[in-house]
Amino acid sequence: MASEPEPKTTKPNPHGLINGIRAFPMTIPDEVMRFYLEKNGVTSSGPEVGRLIALDIKRRLVEVLKKSMELKSEADADESSEGRVSLTSELLSKATSEEGRQKPKE
């Protein structure tokens, strides 16, 4: 009886991740990330750390905006609104609190 070949397991390739991050078009420029990281005491020899943080910021921002849009459409379900959508700070605050992040008190 012939045995089936064992599936190949692939090891994570950190070089592939780093090269992917270097090639990815960023929303937040490297210079801006470097400024704020250095302002908060973080230093790095390359832009990769800042790019990872920038990608996470973008992901979280998209989550909050999507949730805000859902809340806006629920609130406007009875009204027909076309064109531009305004997101109020109340909606954004509600969306962030539902995501487990509270708006900082001023």
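Everything numeric here is computed off the predicted structure, so don't read it as measured data.

On to the confidence of the model for the protein chain, then. Counting all residues, the mean pLDDT for the protein chain is 79, and 75% of those residues have values of 70 or more. The least confident element of the protein chain is helix H1 (residues 14–23), whose mean pLDDT is 75; the most confident is helix H2 (residues 30–39), at 92.

Under the definition given, this model contains one aromatic pair. Arranged with centres 4.9 Å apart and planes meeting at 85°, the rings of Phe-35 and Tyr-36 form a pair that is edge-to-face. Take Phe-35: its relative accessible area is 48%, and that puts it in the partly exposed class. Residue class for Tyr-36 comes out partly exposed when judged on its relative accessible area of 45%.

Between two packed helices, both the angle of their axes relative to each other and the distance between the axes serve to describe the pair. In the contact formed by H2 and helix H3 (residues 48–75), the axes pass within 9 Å of each other and the chain directions differ by 100°. In terms of their interaxial angle, H2 and H3 are classed as roughly perpendicular. Counting all contacts with H2, which are made through Asp-30, Met-33 and Leu-37, the residues of H3 involved are Gly-50, Arg-51, Ile-53, Ala-54 and Ile-57. The residue makeup of the contact of H2 with H3, split by class, is five nonpolar, one polar and two charged.

Here is what the cut-offs are and how they apply
Residues numbered from 1 in each chain as written. Predicted model: local features only at pLDDT ≥ 70, side-chain atom pairs only at ≥ 80, totals over all residues. Heavy atoms only, no water. pLDDT = per-residue confidence, 0-100. Helix = DSSP H or I, 4+ residues; strand = E, 2+ residues; numbered from the N terminus. Phe/Tyr/Trp six-rings, centres within 6.5 Å; stacked < 30°, edge-to-face > 60°. Buried < 20%, exposed > 50% of the residue type's maximum accessible area, 1.4 Å probe, protein only. Axes fitted to C-alpha atoms, helices over the stretch in contact; angles between N-to-C directions. Parallel < 35°, antiparallel > 145°, perpendicular 65-115°, else oblique. Contact = heavy atoms within 4.5 Å. Nonpolar A, V, L, I, M, F, W, Y, C, P; charged D, E, K, R; others polar.

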